[in-house]
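Here's the letter readout for the chains.
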Amino acid sequence: SLEYESTMPTKFMVGTEQGIVLSCNRKAKTPADRIVSNYSGHYGPVYALQRNPFFPKNFLTVGDWTARIWSEDLRESSIMWTKFHRSYLTDGCWSPAGQVSSLPPGWTAVWMSGTTCSNRTILLLVCRCVTKL
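Keep in mind that what you see is a predicted model, and the values were worked out from it rather than measured.

Q: Would you mind going over the overall build of the chain in detail, with residue names and values included?
A: The helix and strand inventory of the chain stands at zero helices and twelve strands. Its helices and strands taken in sequence order, the chain reads β-β-β-β-β-β-β-β-β-β-β-β from the N to the C terminus. By the burial criterion, 38% of the 133 residues in the chain qualify as buried. Taking all contacts inside the chain whose residues are at least 6 apart in sequence as the whole, residues at least 24 apart take part in 32%. When the accessible surface of the chain is summed, it comes to about 8000 Å², and 58% of that surface belongs to carbon and sulfur atoms.

Written as structure tokens, this is what we have:
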């Protein structure tokens, strides 16, 4: 996954298949300076990566069985995360109310900002998906 914020034209972020998020500077003078920092926290590919539209230093990642919220100022660990789910989380995004993630097949979970991420606030069945023909 790739994240580029137009208000920060020299920065972009990349989520890798190894579960690492790289924060990069496209105007770095040397190749070694292009990767500013990395954030490790997922055991598999990072499927979704999105900056918080209201606080651009915070960003959301979705990979393996968890969704995580990070701050660029704290590189050692994410600042919030969901509990591990039985199925892979496949996508996520910010909303004015909190964080939204999708669970296969056809479920969507919502976590409100003011609550703990270990307990989802809402779980919705969006569609009944056919998994076998």
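Q: Give a description of the sheet that holds strand β4 (residues 35–40) that names residues and reports values.
A: In spatial order, the strands read β1-β2-β3-β4; together these four strands make up an open sheet with antiparallel pairing. In this open sheet, the two edge strands, each paired with only one partner strand, are β1 (2–4) and β4. Within this sheet the neighbouring strands show an average axis-to-axis angle of 15°, counted without direction. As judged from the three bridges shared by β1 and strand β2 (residues 11–15), these two strands associate in the antiparallel manner. Bridge pairing in β2 places L2 opposite V14.

Q: Residues and numbers for unusual backbone geometry, please.
A: Here D64, not a glycine, exhibits a phi torsion of approximately 45°, which is positive. Relative to the helices and strands, D64 resides in the loop between β6 (58–63) and β7 (66–71). With relative accessibility at 0%, the residue D64 sits in the buried group.

Q: Please set out the packing of aromatic side chains residue by residue, giving values where relevant.
A: Summed over all chains, the structure comprises five aromatic pairs. Their ring planes at 75° and their centres at 5.1 Å tell us that Y39 and F59 sit as a pair that is edge-to-face. Here Y39, found in strand β4, pairs with F59, found in strand β6; they are 20 residues apart in sequence, far enough to count as distant. Take Y39 and F59: they sit in the same class, and that class is buried. With a centroid separation of 5.7 Å and an interplanar angle of 65°, the aromatic rings of Y39 and W70 are classed as edge-to-face. With a gap of 31 residues between them, Y39 in strand β4 and W70 in strand β7 connect regions that are remote in the sequence.

Q: Go over the pairing of β6 with me, naming the residues and quoting the values.
A: Within a regular strand, the side chains alternate between the two sheet faces. Here β6 lies mainly inside the structure; five of its six residues are buried. Relative to β6, strand β5 (residues 46–51) runs antiparallel, the two sharing five bridges. Bridge pairing in β6 places A48 opposite V62. Hairpin connection, β5 to β6: the antiparallel pair is bridged by six residues.

Scoring rules and cut-offs
- Chains are numbered independently. Their residues run from 1 in the order of the written sequence.
- At least 70 in pLDDT is required for a residue's local features to be given in this predicted model, at least 80 for side-chain atom pairs to be given and counted, and no such filter applies to totals for whole chains, interfaces and linings, which use all residues.
- Computation of side-chain values covers all heavy atoms of the structure but excludes hydrogens and water.
- Numbering goes from the N terminus for both helices and strands, where a helix is a DSSP run of H or I of at least four residues and a strand is a run of E of at least two.
- Exposure categories follow from relative accessible area, calculated using a 1.4 Å probe and restricted to protein chains: below 20% of the type maximum is buried, above 50% is exposed, and the middle band is partly exposed.
- Two residues qualify as a contact provided that any one of their heavy atoms is within 4.5 Å of a heavy atom in the partner residue.
- Shrake-Rupley sampling with a 1.4 Å probe provides the accessible areas, and residues are treated as covered by the protein chains on show and by no other component.
- Paired strands are those between which DSSP finds at least two bridges.
- For helices, the axis comes from a line fit to the C-alpha atoms of the stretch in contact; other axes are also lines fit to C-alpha atoms, and the angle between any two N-to-C directions lies between 0 and 180 degrees.
- The pairing test for Phe, Tyr and Trp rings, Trp by its six-membered ring, is centres within 6.5 Å, and the orientation test on the planes gives stacked under 30 degrees, edge-to-face over 60, and tilted for anything in between.

Distances and angles like these do not, on their own, reveal function.
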